[in-house]
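# Commentary on secondary and tertiary structure
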Amino acid sequence: MSLEVSPLVAEGRKLVTSYGDGLFRFGEETVTGSILLFPEAVYSWGVTSTEDITPQSFSRIIENAEEIDILLLGMGSQLTPVPLAWRQALKEHGIVIEPMDTGAACRTYNVLVAEARRVAAAMIAV
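Below is a short write-up of the structure. (Residues numbered from 1 in each chain as written. Predicted model: local features only at pLDDT ≥ 70, side-chain atom pairs only at ≥ 80, totals over all residues. Heavy atoms only, no water.)

For the rest of this paragraph, the subject is the packing of aromatic side chains. Aromatic ring pairs: the centre-centre distance and the angle between the two ring planes describe each pair. Per the stated rule, a full pass over the model turns up three aromatic pairs. Aromatic side chains phenylalanine 38 and tyrosine 43 sit 5.9 Å apart centroid to centroid with 80 degrees between the ring planes, which places their arrangement in the edge-to-face category. Aromatic pair phenylalanine 58 and tryptophan 86: ring centres 5.9 Å apart, planes at 65 degrees, arrangement edge-to-face. Residue phenylalanine 58 is found in the loop between strand 6 (41-44) and helix 1 (59-63), and its partner tryptophan 86 is found in helix 2 (residues 84-91); the two are separated by 28 residues along the sequence. A relative accessible area of 0% places phenylalanine 58 in the buried class. Residue tryptophan 86 is classed as buried on the basis of its relative accessible area, which comes to 5%. One aromatic cluster is present, formed by Trp45, Phe58 and Trp86 through successive ring pairs. Here arginine 60 stacks its cationic end above the ring of tyrosine 43, 3.7 Å away from the centre of that ring. (Phe/Tyr/Trp six-rings, centres within 6.5 Å; stacked < 30°, edge-to-face > 60°. Helix = DSSP H or I, 4+ residues; strand = E, 2+ residues; numbered from the N terminus. Buried < 20%, exposed > 50% of the residue type's maximum accessible area, 1.4 Å probe, protein only. Lys NZ or Arg CZ within 6 Å of the ring centre and 35° of its normal.)

Have a look at this one:
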């Protein structure tokens, strides 16, 4: 089942237009599997569950720390506590991590991008 998030895509910005069935859509573009999402780019993320995540899983986020204040962490369909090691790895670079289910992360990301906030998202596919 695919859920529609937003029918409009801002020019030059990656907005999630739908997600589900193991993929994400950004207008006409489709990415299968988990993703790291920035306002101008999307990358595959080799994570299928929270058990796969380590502080090193956020290396691409940390490489772009000067452009990010907040990282939305879409944890799939179930929210679990964020380990302190993840928070510390990102906090050292001035990034706050906000965990939520993947659907909420998609919607929140779109709003924050529309507000021109310094945001990125790491989302586990559902």
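Moving on to the sheet that holds strand 5 (residues 35-38). Taken in spatial order, the five strands line up as 6-5-9-7-8 in an open sheet, and their pairing is mixed. The open sheet has two edge strands with one neighbour each: strand 6 and strand 8 (96-100). Shown here is a sheet whose adjacent strand axes are inclined to one another by a mean of 15 degrees, direction ignored. Where strand 5 and strand 9 (residues 119-123) come together, three bridges link them in antiparallel fashion. Note on strand 9: the bridge partner recorded for leucine 37 is alanine 121. Its contacts with the sheet place helix 3 (residues 102-114) against strand 5, strand 7 (70-74), strand 8 and strand 9, and it is angled at close to 165 degrees to strand 9. (Pairing = 2+ DSSP bridges. Axes fitted to C-alpha atoms, helices over the stretch in contact; angles between N-to-C directions. Contact = heavy atoms within 4.5 Å.)

Burial along strand 5 is two-sided: Ile35 and Leu37 and Leu36 and Phe38, pointing in opposite directions, are all buried. In this antiparallel pair of consecutive strands, strand 5 and strand 6, the connection spans two residues.

Let's shift gears to helix 2. Along an α-helix, a turn takes 3.6 residues, which lines up residues three or four apart on a common side. Those residues of helix 2 lying buried are Trp86, Ala89 and Leu90. End-on view of helix 2: buried residues confined to an arc of 90 degrees, all on one side of the axis. Turned more than 90 degrees from where helix 2 packs its buried face, Leu84 and Lys91 sit exposed. Contacts from the buried residues of helix 2 go to helix 1, strand 7 and strand 8. (Arc of directions from axis to C-beta.)

A few words on the environment of glycine 20. By secondary structure assignment, the location of glycine 20 is in strand 2 (residues 18-20). Taking relative accessible area as the criterion, glycine 20 reaches 5% and is therefore assigned buried. Sequence separation of glycine 20 and arginine 117 is 97 residues, and the distance between their C-alpha atoms is 25 Å.

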